[in-house]
Amino acid sequence: MFTLADLLEALTATRLDQASLKISEAHVDSRQVTPNSLFVALPGKNTDGHAYIGDAFQRGANLALVQQDVPDEYRVLDIRQGIAPDAAIPQPPFCLRVENSLEALQQAARYWRRKHDLRVIGITGSVGKSTTKELVAEVLSERYVTLKNPGNYNNEIGLPLTLLKLDGRHQRAVLEMGFYVPGEISFLCDIARPHVGVITNVGTVHAERAGSQEVIARGKAELVQALPPAPEGTAILNYDDPWVRPMEDQTRAYVFTYGLDPHAHLWASHVEGLGLKGIKLQLHFRNEVLHLRVPLIGRHSVHTVLRATAVGLVEGVTWSEIVHALQQTHNQLRMVAVRSRSGALIIDDSYNASPESMLAALNLLDELTGRKIAVLGEMLELGPYAQASHELIGRRAAEVADVLVTVGELGKVIATSARQHGLPAQAVTWVPDTMDTIPMLEDILHEGDTVLIKGSNGLHMDRIVAALESRS
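Read on for an overview of the structure. As the structure is a computational prediction, the values presented were derived from the model and not from experiment.

## Let's talk about the pattern of salt bridges
And then number 1: Here the structure, examined in full by the defined rule, presents 21 salt bridges.
And then number 2: The partner of Asp-349 in a salt bridge is Lys-454, and the shortest N-O contact between them spans 3.0 Å. Remark: Lys-454 occurs in strand E20 (residues 450-454) and Asp-349 occurs in the loop between strand E16 (345-348) and helix H11 (355-367); sequence separation between them is 105 residues.
And then number 3: By relative accessible area, which is 8% here, Asp-349 ends up buried.
And then number 4: In this structure, Glu-409 and Lys-412 form a salt bridge, with 3.5 Å as the shortest nitrogen-oxygen distance.

## Focus on the packing of aromatic side chains
And then number 1: Following the criterion strictly, the structure yields four aromatic pairs and no others.
And then number 2: With centroids separated by 5.0 Å and ring planes inclined at 65°, the aromatic side chains of Phe-2 and Trp-112 adopt a geometry described as edge-to-face. Within this pair, whereas Phe-2 is found in the segment before helix H1 (4-12), its partner Trp-112 is found in helix H3 (residues 101-114), the two being separated by 110 residues in sequence. Judged on exposure class, the residue Phe-2 and its partner Trp-112 are both buried.
And then number 3: Here the aromatic rings of Phe-57 and Tyr-74 are separated by 5.7 Å at their centres, their planes lie at 75°, and the arrangement is edge-to-face. Within this pair, whereas Phe-57 is found in helix H2 (residues 53-58), its partner Tyr-74 is found in the loop between strand E3 (63-66) and strand E4 (76-78), the two being separated by 17 residues in sequence. For the residue pair Phe-57 and Tyr-74, the accessibility class agrees, reading buried in each case.

## What to know about the sheet that holds strand E10 (residues 234-238)
And then number 1: Read across the open sheet, the nine strands follow the order E7-E8-E6-E9-E10-E11-E12-E13-E14; overall the sheet is mixed. Each edge of the open sheet is held by one strand with a lone partner, namely strand E7 (146-148) and strand E14 (288-294). Across this sheet, the average inter-strand angle for adjacent strands is 15°, counted without regard to direction.
And then number 2: Strand direction decides the pairing type here: strand E11 (residues 254-259) and strand E12 (residues 266-273), joined by two bridges, are parallel. Paired with Tyr-258 across the strands is Leu-266, a residue of E12.
And then number 3: Seen against the sheet, helix H10 (residues 319-328) touches E12, strand E13 (279-285) and E14 and runs at an angle of roughly 20° to E14.

Procedures and definitions
- Residues numbered from 1 in each chain as written.
- Predicted model: local features only at pLDDT ≥ 70, side-chain atom pairs only at ≥ 80, totals over all residues.
- Heavy atoms only, no water.
- Salt bridge = Lys/Arg side-chain N within 4 Å of Asp/Glu carboxyl O.
- Helix = DSSP H or I, 4+ residues; strand = E, 2+ residues; numbered from the N terminus.
- Buried < 20%, exposed > 50% of the residue type's maximum accessible area, 1.4 Å probe, protein only.
- Phe/Tyr/Trp six-rings, centres within 6.5 Å; stacked < 30°, edge-to-face > 60°.
- Pairing = 2+ DSSP bridges.
- Axes fitted to C-alpha atoms, helices over the stretch in contact; angles between N-to-C directions.
- Contact = heavy atoms within 4.5 Å.

Encoded structure:
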């Protein structure tokens, strides 16, 4: 287990054997603190973690990393100038004063990762990172003790917090890595030191911040650039994505490709959507062909299956173990089917939206039965791709939906495009605000209807689902 001696050595290069205090895990939210954990007080725009040190101590934290002066009621060990080998350790709980608490957390994670001999799988991409991470972890757990980052702990805070949970039992770690700006994934790789890098795809989400799809592709490629050379390192690349496939020229690692193209190392054919019952497919690898039925919703899930299978093969998991994990998975994460009280089936995919995930959701709606109602919010952070992307979604919605409701300013573009591509004007409604959809849907939903609800996080489309479940 991580100890105070480890933390001090990570931050000062001096090890104090008398610092035997055990640290179970680390948190930046005092509400999540567990006994014997480390609370990392981070300054922020809206709230300052230093204001919650007392709450963290009351909940059982025995140590707090701080970068500001704290009230006299707290004991403090200041290590900004280093620490003497015979330094006295205060009784817990106490504060450890550093120059920058976030940098100290990251340095601690970097140190602790290097203390463990295990293989790390890094996963990045515009769409499908979290679902891939979950399914990869399920496949690897068939054979190895596996750590994964929880939820969306995929950034410069969440990834270090995850790595501090490592202990001597772990044989594999599966780490999702998010991207907003160039250099971010390279920084995360410096902390995590991955052996395997999985790239899901390169889309336009976050283009507003990154600048362009080209910049996004360069940012994602930082993962394969950071891998060790073959045979230790392996880059698992989406052969179907024209932005991802060329990354094979940017890595020293062995390249393993996956996709729907028979030229990929691992490829799928005969993909059949079974609606809410999952998908059927054939997997091809070398001279083997496997016929599978997997309980993942939507034809787009075939790429998730391929990625998890590819990691399993690279990491020595047997076919029987891989198939068992795929067929037993309950990993759907964000797309959930629920019933409204009127009996309509609601496909809740409200977590977030990009052009790729929006098209995948509409493709799923196309597989389902009943009157099809698409409630689509605008997609944010697309930058120069916003207009064309919303027009594309409108065109696909016209092919799939019987009724279309769009939300937000760019929702107007979806609505206009849908009308231009054949959806009757009376079947299309635009509303400015998410909550405006609720009374409308309450009036029109009936048993047998299927409703897709999807949009960017900023629109809070999940409120529609909550209202329809409780009020319809």
